[in-house]
Amino acid sequence: MNPQHPPHRGTLFEESARILAHEDAGSGQWILRVEAPECARRAQPGQFAHIQCSPRLPMRRPLSIQRVDPDAGWVEFLYKTVGDGTRALAEQPVGRSLQVLGPIGRPFTLHPERPRRLLLGGGVGIPPMIFLADRLRQQGEAGTTRAILGSEVPFPFRPRPSQVLWPGLPDGAIGTLPLLEDWGISCRLTSKAGIPGAFDGFVTDLARAWLDGLDPAERREVEIFACGPHPMLEACAELAAEFDLPCQVSLEEFMACAVGGCAGCTVPVRTGESVAMKRVCVDGPVFAAADVFPEPAP
């Protein structure tokens, strides 16, 4: 086992999780909050849980954790209905209990020498960025954290104009996620779907505009964290390479067991001079972007 990518060996807990809230956020998006105190106490940003979607479906589905409250014992997820499992999950009422296994996977790693954190989330890749933002807020690092969130369907929250100046961004890029701004974290939204207040472009377009406006000393303090669809993550890796910045990506893959037994979620990952097949569930889901999306040979 290459020491660069040892599997995550954190303790998993299977809990009968009572649904506390289940909100239709529009465009097939749902926000689910369940009572799962063991998972809530131990979850780290970037991890996920394996959730039973319905008592009649044996296969669970992996969902990224969006928020936790260790004291109240709840875990929150944002998901989108894309198949039979998530459509069945959307039908589950408040009060019903579902089996939840978690927390699973390798989380994001924060490096003190890179205090300027840039969080990039796209679609159902937004939840890990919210979780990471919340953790940074709790650590008193909201002021040096910036987030750019993108979606091609209406966001699962009501955007509002930002009250925080973000130098270097194009005119009209004023939409923000109210929750993050209330936490003191500067945030901007992007979309190619004509969403009011959102920048007409990709998250990497706004990220590049911000990075271009930093002086070299400031730029050396930046680290990028990203989660979203594969093309977006590849673009984030290219952006990080362009500015010579470290970047961590949280991969989204179909999973069966989610605990490393079936090897159904393997992806090629660079390990030193070679490439190995790594399991996203336990070797990830967080990897160094350059290991998953290496620069092409000149």
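Here we summarise the structure given alongside this text.

The rules behind these values
- Residues numbered from 1 in each chain as written.
- Predicted model: local features only at pLDDT ≥ 70, side-chain atom pairs only at ≥ 80, totals over all residues.
- Heavy atoms only, no water.
- Salt bridge = Lys/Arg side-chain N within 4 Å of Asp/Glu carboxyl O.
- Buried < 20%, exposed > 50% of the residue type's maximum accessible area, 1.4 Å probe, protein only.
- Pairing = 2+ DSSP bridges.
- Helix = DSSP H or I, 4+ residues; strand = E, 2+ residues; numbered from the N terminus.
- Axes fitted to C-alpha atoms, helices over the stretch in contact; angles between N-to-C directions.
- Contact = heavy atoms within 4.5 Å.
- Phe/Tyr/Trp six-rings, centres within 6.5 Å; stacked < 30°, edge-to-face > 60°.
- Lys NZ or Arg CZ within 6 Å of the ring centre and 35° of its normal.
- 1 Å grid on protein atoms, 1.4 Å probe; cavity = no way out; pocket = protein on both sides within 12 Å on 5 of 7 lines; lining within 4 Å.
- Points joined across faces, edges and corners; volume = space filled by probe spheres on them.
- Nonpolar A, V, L, I, M, F, W, Y, C, P; charged D, E, K, R; others polar.
- Expected span 1.5 Å × (residues − 1).
- Arc of directions from axis to C-beta.
- Core = buried A, V, L, I, M, F, W, Y, C linked by side-chain atoms within 4.5 Å.

### Let's talk about the pattern of salt bridges
Right, on to step 1. Considering all chains together, one arrives at 15 salt bridges under this definition.
Right, on to step 2. The salt bridge involving Asp-283 is made with Arg-279; its shortest N-O contact spans 3.4 Å.
Right, on to step 3. According to the relative accessible area criterion, Asp-283 is buried, its value standing at 3%.

### Some words on the sheet that holds strand E1 (residues 13-26)
Right, on to step 1. Around the barrel, six strands lie side by side as E1-E2-E5-E4-E3-E6; this closed barrel has antiparallel pairing. Across the sheet, the axes of successive neighbouring strands diverge by a mean angle of 45°, strand direction being ignored.
Right, on to step 2. One ladder, built from four bridges, connects strand E4 (residues 61-69) with strand E5 (residues 74-80); its direction is antiparallel. Residue pairing for E5: Asp-69 is matched across the bridge by Trp-74.
Right, on to step 3. Lying on the sheet, helix H3 (residues 126-138) is in contact with E4 and E5; it crosses E4 at an angle near 25°.

### A word on the packing of aromatic side chains
Right, on to step 1. Taken as a whole and assessed by the stated rule, the structure comprises three aromatic pairs.
Right, on to step 2. Each ring, one from Phe-108 and one from Phe-225, has its centre 5.6 Å from the other, and the planes form 85°; the classification is edge-to-face. Of this pair, Phe-108 sits in the loop between strand E6 (97-104) and strand E7 (116-122) while Phe-225 sits in strand E13 (residues 222-227); the two residues are 117 residues apart in sequence, bridging distant segments of the chain. Assigned by exposure class, Phe-108 and Phe-225 land together as buried.
Right, on to step 3. When the ring of Phe-155 is compared with that of Phe-157, the centres are 5.2 Å apart and the planes differ by 35°; the resulting orientation is tilted.
Right, on to step 4. The class for Phe-157 is buried, based on a relative accessible area of 17%.
Right, on to step 5. In this structure, Arg-33 is placed above the aromatic ring of Trp-74, and the distance from its NZ or CZ to the ring centre is 3.6 Å.
Right, on to step 6. In this structure, Lys-192 packs its charged tip against the face of Phe-202, placed 5.8 Å from the ring centre.

### Considering the layout of surface pockets
Right, on to step 1. Space inside the largest pocket adds up to approximately 710 Å³.
Right, on to step 2. Forming the walls of the largest pocket are 25 residues, and the residues nearest its centre are Pro-62, Leu-63, Val-124, Glu-252 and Glu-253.
Right, on to step 3. The set of elements that each furnish at least two residues to the lining of the largest pocket consists of E4, E5, helix H2 (84-90) and H3.
Right, on to step 4. No other element matches E4, which puts four residues into the lining of the largest pocket.
Right, on to step 5. Split into classes, the residues belonging to the lining of the largest pocket amount to 13 nonpolar, seven polar and five charged.

### Regarding helix H7 (residues 230-242)
Right, on to step 1. Between its first and last C-alpha atoms H7 spans 18 Å; for 13 residues at 1.5 Å apiece the expected length is 18 Å, and the two agree.
Right, on to step 2. Those residues of H7 not exposed but buried are Met-232, Leu-233, Cys-236, Ala-237, Leu-239 and Ala-240. When H7 is viewed along its axis, its buried side chains cluster within an angular range of 160° and face the same direction. For H7, the exposed residues set more than 90 degrees away from the buried face come down to Pro-231 and Glu-238.
Right, on to step 3. Of the residues trailing H7, Asp-244 is marked for its positive phi of about 55°.

### Overview of the sheet that holds strand E8 (residues 145-150)
Right, on to step 1. Here seven strands make up an open sheet; going across it, the order is E12-E11-E8-E7-E13-E14-E17 and the pairing mixed. Strands at the two margins of the open sheet, each flanked by one partner only, are strand E12 (199-200) and strand E17 (286-288).
Right, on to step 2. Bridge count between strand E14 (residues 247-250) and E17: three bridges; the pairing is antiparallel. Opposite Ser-250, over in E17, you have Val-286 as the bridge partner.
Right, on to step 3. Each of E7, E8, strand E11 (186-191), E12 and E13 is contacted by helix H5 (residues 203-212), which is oriented at about 150° to E8, the strand it contacts most.

### Things to note about the nonpolar core
Right, on to step 1. Leu-120 and Ile-224 are the most contacted members of the largest nonpolar core, which totals 42 residues.
Right, on to step 2. Elements represented by at least two residues in this core include exactly E6, E7, H5, E13, H7, E14, strand E15 (266-271) and helix H8 (289-292).
Right, on to step 3. Membership of the second largest hydrophobic core comes to 25 residues, among which are Val-34, Ala-40, Leu-89 and Val-100.

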